[in-house]
Amino acid sequence: MTMKLHVDPIACAGHGLCAELLPEAIELDEWGYPMLAASVPARLRGHARRAVSACPALALRLTGNDDRGEGGPARAQ
Amino acid sequence: MLLWYMTRATGEIAFMLLTITVALGITGAARLGSSRWPRVVTAGLHRNLSLMLVTFLSVHIATTLLDTFTAINPAAAIIPFVSGYRTFWVGLGTIAFDLILTLVITSLLRSRLSYRAWRAVHVLAYASWPVALWHGLGTGTDAKLPWLLALDALCVLVVIAAMTWRLRLLAQPRRIAGGTS
């Protein structure tokens, strides 16, 4: 199962911690908001989870996480 | 006597850790960061020092309760103002502990709470700090020692500086995050 990151654009406040923790899959746009890669490779699962839990606004989610289902259901974008 | 020495030492260390945690929380919320000090460093230190604070606080409370001279009712660890010994001052410490415990538990469960609920609780962090300071100044065995007063004054300065700086940023018109203008 492929993992995918989702950002809640309303909740995101552009803190940018996610891009510091997961530069492989998250880049910041010129206003400091995240631009996400289409999918997250399995080897980055741990880093992706850390990025999700570090978000000060709880705006980032990881879906398609095969164990424990921490990502929760996919959110409509 | 050893227990009381430990109570005194861990109390002051816990207060210094609380001060650093509060200051890091304020600077993190104010979005301080640079290429040499990434924001995740502030966030990680804020989190880990707060857990270290809980460890010192647990020892502080355990040694206080175990000390036979004061013979404090164990319930005083959680319920404020039930200690026979210095009811008011120990009660302040209990309040600070309850606040910090609430903060840590809600933060560990943060991803399961709504952001608003977590944040509303986290504002309590500001209350725990002055209460802890008041508790230390009021009942600390060593509170009158000049070097300890100096240390407490330094802690007060650190938090006031962080807050002033944060409030100044808030008063400015909101910049777009990461923008250069």
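What comes next is a walk through the structure. Source: prediction; values computed, not measured.

Regarding the overall build of chain B
Across its full length, chain B carries 6 helices and 0 strands. Going from N to C terminus, chain B has its helices and strands arranged as α-α-α-α-α-α. Viewed in the frame of its principal axes, chain B has a C-alpha envelope of about 60 × 40 × 25 Å. Within chain B, buried positions represent 25% of all 181 residues. Restricting the contact set of chain B to residue pairs at least 6 apart, pairs at least 24 apart contribute 60%.

Remarks on the overall build of chain A
In terms of helices and strands, chain A carries 2 helices and 4 strands. Listing the helices and strands of chain A from first to last along the sequence gives β-α-β-β-α-β. Going through the 77 residues of chain A one by one, you find that 31% of them count as buried. The long-range fraction of contacts in chain A, counting pairs at least 24 apart against all pairs at least 6 apart in sequence, stands at 56%.

As for the interface of chain B and chain A
Interfaces are often described in size by the accessible area the parts lose on coming together. Residue-level contacts link 12 residues of chain B with 15 residues of chain A. Among the elements that take part in the side of chain B that touches chain A, helix α2 (residues 39-66) of chain B stands out by supplying 3 residues, more than any other. For the side of chain B that touches chain A, the residue count by class is 6 nonpolar, 3 polar and 3 charged.

Describing unusual backbone geometry
Phi is mostly negative for residues that are not glycine, and the peptide bonds are mostly trans. One non-glycine residue, L58 of chain A, lies in positive phi territory at about 50 degrees. Mapped onto the fold, L58 of chain A is located in the loop between α2 (45-54) and β4 (60-63). Residue classification places L58 of chain A among the partly exposed residues on the basis of 19 C-beta atoms within 10 Å. Although it is not a glycine, A71 of chain B adopts a positive phi angle of roughly 45 degrees. Along the chain, the position of A71 of chain B falls in the loop between α2 and α3 (87-108). By the C-beta count within 10 Å, which is 10 here, A71 of chain B ends up exposed.

Looking at the environment of I105 of chain B
Examined against the element boundaries, I105 of chain B turns out to sit in helix α3. Spatially, the C-alpha atom of I105 of chain B lies 11 Å from that of V54 of chain B, the residues being 51 residues apart in sequence.

Some thoughts on the packing of α2 of chain B against α3 of chain B
Residues and elements named next belong to chain B. Between α2 and α3, the least distance of the axes is 11 Å, while the angle of their chain directions is 145 degrees. The chirality of how α2 crosses α3 is left-handed. Facing α2, whose interface residues are S50, V54, L57 and I61, α3 presents F97, I100 and V104. Its residues placed into classes, the contact of α2 with α3 shows 6 nonpolar, 1 polar and no charged.

Some remarks on the environment of T63 of chain A
Residue and element names in this part refer to chain A. On the secondary structure map, T63 appears in strand β4. The class of T63 is partly exposed, set by 18 C-beta atoms lying within 10 Å. As for T63 and S39, which are separated by 24 residues in sequence, their C-alpha atoms are 9.8 Å apart.

What to know about the nonpolar core
Within the largest apolar cluster, 20 residues are counted, with the highest numbers of intra-cluster contacts made by A14, L18 and L57 of chain B. Mapped onto this core, the elements with two or more residues apiece are α1 (2-29), α2, α3, α5 (124-139) and α6 (146-171) of chain B. Looking at this core element by element, the count peaks at 8 residues for α1 of chain B. Those residues in contact with L18 of chain B that lie beyond four places of it in its chain are L53, S128, W129 and A132 of chain B. Counting 18 residues, the second largest nonpolar core, distinct from the first, contains V7, L21, V52 and A59 of chain A.

Rules used throughout
For every chain, the first residue of the written sequence is number 1, and numbering continues from 1 onward in sequence order. Here the convention is simple: chains get letters from A, ligands get numbers from 1, in the order in which they are written. Residues qualify for local features only when their pLDDT is at least 70, as the model is predicted, and side-chain atom pairs are given and counted only at 80 or more; totals for whole chains, interfaces and linings, by contrast, use all residues. Only DSSP runs of H or I covering at least 4 residues are called helices, and only runs of E covering at least 2 are called strands; the numbering of each starts at the N terminus. Counts of 20 or more other C-beta atoms within 10 Å of a residue's own C-beta define buried residues, counts of 12 or fewer define exposed ones, and intermediate counts define partly exposed ones; C-beta atoms are placed from the backbone. For every residue pair, C-beta atoms are placed from the backbone, and the pair is scored as a contact if these atoms sit within 7 Å. Under the convention adopted here, Pro, Cys and the residues Ala, Val, Leu, Ile, Met, Phe, Trp and Tyr are nonpolar, Asp, Glu, Lys and Arg are charged, and Gly plus all remaining residues are polar. Angles here are taken between N-to-C directions and fall from 0 to 180 degrees, while the axes themselves are lines fitted to C-alpha atoms, restricted in helices to the stretch in contact. Put simply, a crossing is left-handed when the front helix is turned counterclockwise from the back one by less than a right angle, and right-handed when it is turned clockwise. Joined through C-beta atoms within 7 Å, a set of buried Ala, Val, Leu, Ile, Met, Phe, Trp, Tyr and Cys residues constitutes a nonpolar core.

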